[in-house]
Structure formats: structure tokens, C-alpha cells
Amino acid sequence: QKEVEQNSGPLSVPEGAIASLNCTYSDRGSQSFFWYRQYSGKSPELIMSIYSNGDKEDGRFTAQLNKASQYVSLLIRDSQPSDSATYLCAGFRNYGQNFVFGPGTRLSVLP
Amino acid sequence: EAQVTQNPRYLITVTGKKLTVTCSQNMNHEYMSWYRQDPGLGLRQIYYSMNVEVTDKGDVPEGYKVSRKEKRNFPLILESPSPNQTSLYFCASSFLVAGYEQYFGPGTRLTVT
């Protein structure tokens, strides 16, 4: 079992819909979580960080963290074709001060 | 402009020929890190550094070396590259506080024949 798991996709949603991306983690030592977006051939760029249980909203993006269920999600409202990319979930191990990434979910927003 | 730079961007080399990939950041970040990205495996951390002269192994350190003699630079050294080190490499940096939000360099595509 990988430490951070994501559905590899592709996840296809129509333009204007809500895209829901999910991530589960196995190491309870991971306390901080991050969502990155990566376009093909480009480097990852940070979208959201979340450190405590609950929801965190930033524009069209909402991150959700449930530490009891070891579950992190990212919702993208009003999805646009420009949102088509691979989304990487990452956890930060407090005890080791290092990062663990999931394999990424490929999102396709259809015009 | 705040950025992380890597050089070279593309490199083709032969087995056993030592190489260095440079990484530099201009944001005064304490934390710097190297990753490799392979299809189906995602990003895996190779080495990281909390500050000058402080480095530690990530999840896949075998075959790599790093050094942190200056705060802004964090080179990745492959003493004797092998074909299984063919990959896309990213350098990243962040502050130690404020949540470790990492900024990534543009990537270095390495091919070892």
C-alpha cells in the first residue's frame, strides 16, 4: 500500500461542473497536506495547503481534510478547460520533515 | 522575480560519468529538496535540506549525493549514473515556517544510456 493514494484517472467533467479529487494517506505522522497542479511537461505549482480538519476555500478551490478518516480532497467549482492537468496530493511528515506525494489524478475538463 | 532555477534542463549522459545538476533559489528559503518523477510512481523525494550544512535522506537516496554549502544553492550529484536514474528531476524550496509551501524549479530531464 502506498503511503499517499490517489485515483489515477482520468477524471472527466464537463465545463462548469464541480470536479472532486480525492486522496487517502496511511501515515498518521503526516499532519500537513498540499494540493499541486501539474500541466504536462511543466513543474508542479501549489494550489492549496491544509493543516487542520475541515474545509479551506480559496476562490474556486476548496480543500477538505479529515484526519480521523485519513482523507484529503480538493473540489474545483465551475471547472474550466484550463483546469485540465494532473493534480498531486502531498503529505508532510512532521517527524521526518519530508514530503510524500501521491501518484496524481489526471483531470480532463471537457468544453 | 522569485524563482527556483535548475541547470541543465536536459542532459543525456553515459553510465558511470559523474554529473551535477545545479539548483538555486532567490527567496531566502531554508528548506530545499530534490525529487524525481517517474511515470506511475509520482514524485519521490531524494534528499532534503533544512538549512546550510543540514541534509537528510528522502525516500529514494541511493545513488545520489547532495551538499548545502550556501543557503541559496543545493546541487544534486550523481557520482556514477546508471540507466535506472533516467528520470525527470525537480528541485524545490520553501520556508521552514508558514507551512512548507514548496516552489518548484522547471525540471531537469536526465537520460542515462
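I will try to describe carefully the structure that is included in this document. (Residues numbered from 1 in each chain as written. Chains lettered and ligands numbered in written order. Predicted model: local features only at pLDDT ≥ 70, side-chain atom pairs only at ≥ 80, totals over all residues. Heavy atoms only, no water.)

Digging into the overall build of chain A
1) Next: Helix and strand counts for chain A come out as zero helices and eleven strands.
2) Next: Reading the helices (α) and strands (β) of chain A from amino to carboxyl end gives β-β-β-β-β-β-β-β-β-β-β.
3) Next: Its C-alpha atoms give chain A a radius of gyration of 13 Å, near enough to 13 Å, the size a compact globule of 111 residues would have.
4) Next: Projecting the C-alpha coordinates of chain A onto the three principal axes gives extents of approximately 45 × 30 × 20 Å.
5) Next: Buried residues in chain A amount to 46% of all 111 residues.
6) Next: Within chain A, residue pairs in contact and separated by at least 24 positions form 54% of the contacts whose partners lie at least 6 positions apart.
7) Next: Split by element, the accessible area of chain A, about 5,000 Å² in all, is 47% carbon and sulfur.
8) Next: Each charge class in chain A can be summarised by its mean position, and for the 10 positive and 10 negative side chains these summaries are 5 Å apart. (Helix = DSSP H or I, 4+ residues; strand = E, 2+ residues; numbered from the N terminus. Rg over C-alpha atoms; globule rule 2.2 N^0.38 Å. Buried < 20%, exposed > 50% of the residue type's maximum accessible area, 1.4 Å probe, protein only. Contact = heavy atoms within 4.5 Å. Areas by Shrake-Rupley, 256 points an atom, 1.4 Å probe, with all protein chains shown as cover. Lys, Arg positive; Asp, Glu negative; His and termini not counted. Charge placed at Lys NZ, Arg CZ, Asp CG, Glu CD.)

Structural notes on the interface of chain A and chain B
1) Next: Counting residues at the interface gives 21 residues for chain A and 20 residues for chain B.
2) Next: Of the roughly 1,600 Å² buried between chain A and chain B, counting both surfaces, carbon and sulfur atoms make up 51%.
3) Next: When the buried surface of chain A facing chain B is broken down by residue, A:Gln97, A:Phe99 and A:Phe101 rank first, second and third, together holding 31% of it.
4) Next: If you look at where chain A meets chain B, you find one salt bridge.
5) Next: In this structure, A:Arg93 and B:Asp59 form a salt bridge, with 3.2 Å as the shortest nitrogen-oxygen distance.
6) Next: Put simply, chain A and chain B have eight residue pairs in polar contact (both at pLDDT 80 or more) between them.
7) Next: If one sorts the elements of the side of chain A that touches chain B by residue count, strand β10 (residues 98-101) of chain A sits on top with four residues.
8) Next: Here the residues of the side of chain A that touches chain B sort into eleven nonpolar, seven polar and three charged. (Buried area = accessible area lost by both parts, 1.4 Å probe. Salt bridge = Lys/Arg side-chain N within 4 Å of Asp/Glu carboxyl O. Polar contact = N/O pair within 3.5 Å; in protein donor to acceptor, adjacent residues only side chain to side chain. Nonpolar A, V, L, I, M, F, W, Y, C, P; charged D, E, K, R; others polar.)

Details of the layout of surface pockets
Unfilled space is identified by rolling a water-sized probe across the atoms.
1) Next: Taken as a whole, the largest pocket spans an internal volume of roughly 450 Å³.
2) Next: Looking at the largest pocket, it is lined by 19 residues, and the ones nearest its centre are A:Gln38, A:Thr86, B:Gln37, B:Asp38 and B:Pro39.
3) Next: When residues of the lining of the largest pocket are traced back to their parent elements, those giving at least two are β9 (85-93) of chain A together with β4 (31-38) and β9 (87-94) of chain B.
4) Next: Residue contributions to the lining of the largest pocket peak at three residues, all from β9(A).
5) Next: Residue classes in the lining of the largest pocket are distributed as six nonpolar, nine polar and four charged.
6) Next: Taken together, A:Lys2, A:Glu3, A:Val4, A:Phe99, A:Val100, A:Phe101, A:Pro103, B:Leu41, B:Leu43, B:Arg44, B:Gln45 and B:Asp59 form the lining of the second largest pocket.
7) Next: For the lining of the second largest pocket, the elements supplying multiple residues, two or more each, are β10 of chain A together with β5 (42-51) of chain B.
8) Next: When the residues that make up the lining of the second largest pocket are grouped by side-chain class, the tally is seven nonpolar, one polar and four charged. (1 Å grid on protein atoms, 1.4 Å probe; cavity = no way out; pocket = protein on both sides within 12 Å on 5 of 7 lines; lining within 4 Å. Points joined across faces, edges and corners; volume = space filled by probe spheres on them.)

Thoughts on the pairing of β10(A)
1) Next: Every second residue of β10(A) is oriented toward a common face, with A:Asn98 and A:Val100 on one face and A:Phe99 and A:Phe101 on the other, all of them buried.
2) Next: In sequence, β9(A) turns back onto β10(A) through a hairpin of four residues, with A:Gln97 there showing a positive phi of about 60°. (Pairing = 2+ DSSP bridges.)

Comments concerning the packing of aromatic side chains
1) Next: Evaluated as defined, the whole model comprises 14 aromatic pairs over all chains.
2) Next: Here A:Phe92 and A:Phe99 contribute two aromatic rings whose centre-to-centre distance is 4.8 Å and whose plane-to-plane angle is 55°, an arrangement assigned as tilted.
3) Next: On the basis of relative accessible area, A:Phe99 is assigned to the buried category, the value being 1%.
4) Next: A centroid spacing of 6.2 Å and a plane angle of 85° characterise the contact between B:Phe90 and B:Phe104, whose relative ring orientation is edge-to-face. Here the residue B:Phe90 occupies a position in strand β9, and B:Phe104 occupies one in strand β10 (residues 103-104), the gap between them amounting to 14 residues.
5) Next: Relative accessible area serves as the criterion here: at 1%, B:Phe90 is assigned to the buried category.
6) Next: Through pairs of rings, three or more aromatic residues link up here, namely A:Phe34, A:Tyr51, A:Phe92, A:Phe99, B:Tyr31 and B:Tyr48.
7) Next: Here A:Arg60 stacks its cationic end above the ring of A:Phe61, 5.4 Å away from the centre of that ring. (Phe/Tyr/Trp six-rings, centres within 6.5 Å; stacked < 30°, edge-to-face > 60°. Lys NZ or Arg CZ within 6 Å of the ring centre and 35° of its normal.)

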